[in-house]
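# Structural description and commentary
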Amino acid sequence: MNPSSIVSIDPALGEAVEDVTAPTTTDQVAEVCQAAAAAAGPYEAGGRKLWSRVLRAMAEALEARRPEIVLLGQRETALPAARLEGELSRTVFQARLFADVVDDGAFLEATIDHAAQTPMGPGPDLRRMLIPIGPVAVFGASNFPLAFSVPGGDTVSALAVGCPVVLKGHESHPALSVLAFETLREAARKAGAPENLLGLVFGRQAGIELVMHPSIQAVGFTGSLSGGRALTEAIALRPDPIPFFGELASLNPVVVTAGAASARGNELARDLVSSVTGSAGQLCTKPGLVLIPTGPVGDVLVEEAARLVTDTGPSVLLNARVRDAYADATGSFERAPGMRVIAEGSPPEGAGYAVTARLLETDASQLLGVKLDECFGPTTVILRYEPEQVGRVIDQLPGSLTATIHAEVDERELVAELTTRLRGKAGRLLYAGFPTGVLVSWAQHHGGPWPATNSQHTSVGATAVRRFQRPMAWQSAPSWVLPEELLDGTTNIPRRVDGTLDLPS
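This one's a predicted model, so the numbers in the text were calculated from it and none came from an experiment. (Residues numbered from 1 in each chain as written. Predicted model: local features only at pLDDT ≥ 70, side-chain atom pairs only at ≥ 80, totals over all residues. Heavy atoms only, no water.)

## Describing the packing of aromatic side chains
Test applied: Here is the rule: rings of Phe, Tyr and Trp (six-membered ring for Trp) pair when centre to centre is within 6.5 Å. Planes less than 30 degrees apart are stacked, more than 60 are edge-to-face, and the remainder are tilted. Each helix is a run of H or I in the DSSP string that is no shorter than four residues. Each strand is a run of E no shorter than two, and both are numbered from the N terminus. Partly exposed residues are those whose accessible area sits between 20% and 50% of the maximum for their type, while under 20% is buried and over 50% is exposed, using a 1.4 Å probe and protein chains only. Geometrically, a lysine NZ or arginine CZ counts as sitting over a ring once it is within 6 Å of the ring centre and also within 35 degrees of the ring normal.
Summed over all chains, the structure comprises five aromatic pairs. Taken together, a centroid distance of 5.9 Å and an interplanar angle of 90° make the contact between Phe 245 and Phe 468 edge-to-face. Of this pair, Phe 245 sits in strand S11 (residues 244-247) while Phe 468 sits in the loop between strand S20 (426-430) and strand S21 (469-475), and the two are 223 residues apart along the sequence. One exposure class covers both Phe 245 and Phe 468, and it is buried. By way of ring pairs, the aromatic residues Phe 139, Phe 221 and Phe 244 are connected into one cluster. Here the guanidinium or amino end of Arg 83 rests over the ring plane of Phe 144, the centre of that ring lying 4.6 Å away.

## What to know about helix H2 (residues 66-77)
Heads up, the rule is: Any helix carries an expected span of 1.5 Å times its number of residues minus one. Should any heavy atoms of two residues lie within 4.5 Å, those residues are considered in contact.
Here H2 contains twelve residues, and its C-alpha end-to-end distance of 16 Å stays within 8% of the 16 Å for a straight helix at 1.5 Å per residue. Buried within H2 are the following residues: Arg 66, Ile 69, Val 70, Leu 72, Gly 73, Glu 76 and Thr 77. Residues of H2 that are buried sit in contact with strand S1 (6-10), helix H1 (26-64), helix H3 (81-104) and helix H5 (174-190). Two residues or fewer past H2, Ala 78 is found with a positive phi of approximately 65°.

## Observations concerning the pairing of strand S8 (residues 165-168)
The side chains of a regular strand alternate, residue by residue, between the two faces of the sheet. Rules: Strands qualify as paired when DSSP identifies two bridges or more between them.
Neither face of S8 is exposed, since Val 165 and Leu 167 on one face and Val 166 and Lys 168 on the opposite face are all buried. Sheet topology note: the strand S7 (residues 136-139)/S8 ladder contains four bridges and is parallel. From the neighbouring strand, Ala 137 faces S8, where its bridge partner is Val 166. Across four bridges, the pairing between S8 and strand S9 (residues 198-201) is parallel.

## Description of the sheet that holds S21
Selection rule: For helices, the fitted line uses only the C-alpha atoms of the stretch in contact; every axis is such a line through C-alpha atoms, and the angle between N-to-C directions lies from 0 to 180 degrees.
Strand order across the open sheet formed by five strands is S21-S6-S3-S22-S23, with mixed pairing between neighbours. Taken across any chain shown, the strands that pair with only one partner, and hence form the sheet edges, are S21 and strand S23 (500-502). Pairs of neighbouring strands in the sheet enclose a mean axial angle of 25°, with direction left out of account. With two bridges joining them, strand S3 (residues 111-113) and strand S22 (residues 495-497) adopt parallel strand pairing. The residue bridging Ile 112 from the neighbouring strand is Val 497, located in S22.

## Examining the environment of Val 381
One can find Val 381 in strand S18 (residues 379-385). Spatially, the C-alpha atoms of Val 381 and Val 102 are 42 Å apart, while their sequence positions differ by 279 residues. Not counting residues within four places of it along the chain, the set of residues in contact with Val 381 comprises Gly 288, Leu 289, Val 290, Phe 333, Met 339, Leu 360 and Thr 362.

## Section: the pattern of salt bridges
To keep it simple, the criterion reads: Between Lys or Arg on one side and Asp or Glu on the other, a salt bridge is scored when a side-chain nitrogen of the former is within 4 Å of a carboxyl oxygen of the latter.
Applying the stated criterion across every chain yields a total of 30 salt bridges. The salt bridge partner of Arg 75 is Glu 18, with a shortest N-O separation of 3.0 Å. Residue Arg 75 is located in helix H2, and its partner Glu 18 is located in strand S2 (residues 15-21); the two are separated by 57 residues in the primary sequence. Look at Glu 18 and you get partly exposed, because its relative accessible area is 31%. One salt bridge connects Glu 186 with Arg 189, and the closest N-O pair in it is separated by 2.5 Å. In this pair, Glu 186 and Arg 189 both sit in helix H5, three residues apart, roughly one turn of the helix. A relative accessible area of 33% means that Glu 186 is categorised as partly exposed. When its relative accessible area of 44% is taken as the criterion, Arg 189 is described as partly exposed.

## As for the side chain of Ser 275
Stated formally: Any N or O atom pair separated by 3.5 Å or less is treated as a polar contact, with the protein-specific requirement of one donor-capable and one acceptor-capable atom, and with residues adjacent in sequence counted only for side-chain atom pairs.
Relative to the assigned elements, Ser 275 resides in helix H8 (residues 258-277). Only 2.7 Å separates the side chain of Ser 275 from the side chain of Thr 436, close enough to count as a polar contact. If we ignore the near neighbours within four places in the chain, the residues touching Ser 275 are Lys 286, Pro 287, Phe 434 and Thr 436.

## What about H1?
As a reminder of what qualifies: The quantity called bend is, for any residue, the angle between two axes fitted respectively to the seven residues ending at it and the seven beginning at it.
Taking 1.5 Å per residue as the helical rise, H1 with its 39 residues ought to reach 57 Å, whereas the 34 Å between its terminal C-alpha atoms falls clearly short. A bend of about 105° at Gly 47 is the largest found in H1.

## What about the pairing of S20?
Bridge count between strand S19 (residues 400-406) and S20: four bridges; the pairing is parallel. If you follow Thr 404 over to S20, its bridge partner there is Leu 430.

## As for the sheet that holds S19
As summarised here, the arrangement of the seven strands in space is S15-S17-S18-S13-S12-S19-S20, forming an open sheet in which the pairing is mixed. On the outer flanks of this sheet lie strand S15 (340-344) and S20, each paired with one strand and no other. Mean inter-strand twist for the sheet, computed between neighbouring axes without regard to direction, equals 20°. Of the pairings in the sheet, the one linking strand S12 (residues 253-256) to strand S13 (residues 289-293) comprises three bridges and is parallel in character. Looking across to S13, one finds that Val 254 is bridged to Val 290. Running at roughly 150° to S12, H8 makes contact with S12, S13, S18 and S19 of the sheet. Of the strands in this sheet, S12, S13, S15, strand S17 (358-363) and S18 touch helix H9 (residues 296-310), which is tilted by about 55° from S15.

## Digging into unusual backbone geometry
A cis amide bond links Trp 450 to the next residue, Pro 451, at an omega of 10°. Its place among the elements puts Pro 451 in the loop between S20 and S21. One non-glycine residue, Glu 109, lies in the positive phi region at around 50°. Within the secondary structure, Glu 109 sits in the loop between H3 and S3. Residue class for Glu 109 comes out partly exposed when judged on its relative accessible area of 31%. One non-glycine residue, Ala 280, adopts positive backbone phi at about 60°.

## Some details on the nonpolar core
As a reminder, the rule being used: The criterion is simple. A nonpolar core is a set of buried Ala, Val, Leu, Ile, Met, Phe, Trp, Tyr and Cys residues joined through side-chain atoms within 4.5 Å.
Membership of the largest hydrophobic core comes to 66 residues, with the highest contact counts inside it found for Val 54 and Phe 468. For this core, the leading source of residues is H1, giving nine residues. When residues no more than four places from it in sequence are discounted, the contact partners of Phe 468 are Ile 131, Pro 132, Ile 133, Val 136, Asp 154, Ser 157, Ala 158, Val 161, Cys 163, Ala 218 and Phe 245. Leu 251, Ala 329, Leu 367 and Val 381 belong to the second-largest nonpolar core, a separate cluster that totals 32 residues.

Taken by themselves, the reported measurements are silent on function.
Next comes the structure, spelled out in structure tokens:
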């Protein structure tokens, strides 16, 4: 293998399999970004019909290469076939959903105020809608090699609103990144998109140069907090800083009330361990802190969770960096005051990036005032609490993508109080189930207070497109310069006209 190449590694063995490509040079990054900028005008001019057609073509192309994609994904990520099959189905559906968003047209927020007398005097003709922000840089995530990588939600939500995309392929799955990129690029070409609608770069230095290139107008990133900080620092050095939409780190607290622990402790233990160890714990919504009542009412749940973790086999992580970070994080947890390891799964054998699942426990009195961060991998911390301690624990938690409440119907007052407290700590509240598994839908929100994200906008669901749009107003404009969606008489999309919502006829 060439030491200067981007190498595809089998994480189950910890061995290099093939040289995929070379790191992208500075000149190549500039060439890709300039090509994306050249494609921006023609792609925007193609309008919603082209954008929708491109997304549907991409979905079909990904589906057509399903066996090849899943097989390569297994080899590069060690994720099971069933998980990758499901992720590819999600990715295909996601592209089609955003095509539906484009066809619907409400995402444009088209608004018309005709010239008229107002309480402030004569008002001009004003027309406003959201337009593409320009070429977008998208960074693929290691833990979702499809849904949050080259063909994922950031890519298709940017394409849905008329923006070219330059992708930073993730070194954990470079061969899959290339395969997905070539699949999307060919589909876009066949759908009539301009050349260079998509670009692909590799290498950490190329990633920094990508976000600093003047052609790039926004950045979508899913990854570590440290990686997000490095990119925001680079963006701040630009003469024209641009929006950075980062999905970074999340603790995802779960609160189990006394009623829930008593009524279904074993069931909750089973579902909790499944959520913590599924995909080797490498999910941004994995529960990292579980609040369980002290005393016998919570003991059943904890004991069953410990038994299940003990029966858990080794988990193969995505790369050496994730494995090392997992060791550092679990070691830091174990050194925290009052923390104890109450269960460990089977130890790994042989080479590769396998690790042991762990279940840790401490008391709320020990955790108060202690900073607890996300641990990426198959472990979680159980926090035993007295009722009067819950509020203080929640108040000190960092922002998260999710927060979950498990309670019984007769605990309505407690649920209301927990909802009020947790609403300020998360972007999505769950009242049943566990947070792993993020449905792609019109109503979905996947964001949260810092450090979960640094944005008010979501990275999953129909409104993800808002990240890559900007408002534009036309005042007293001749009709021939207006977008089709702002012309009088256009009724095929929702619009607000003179203050009244006008729905398609």
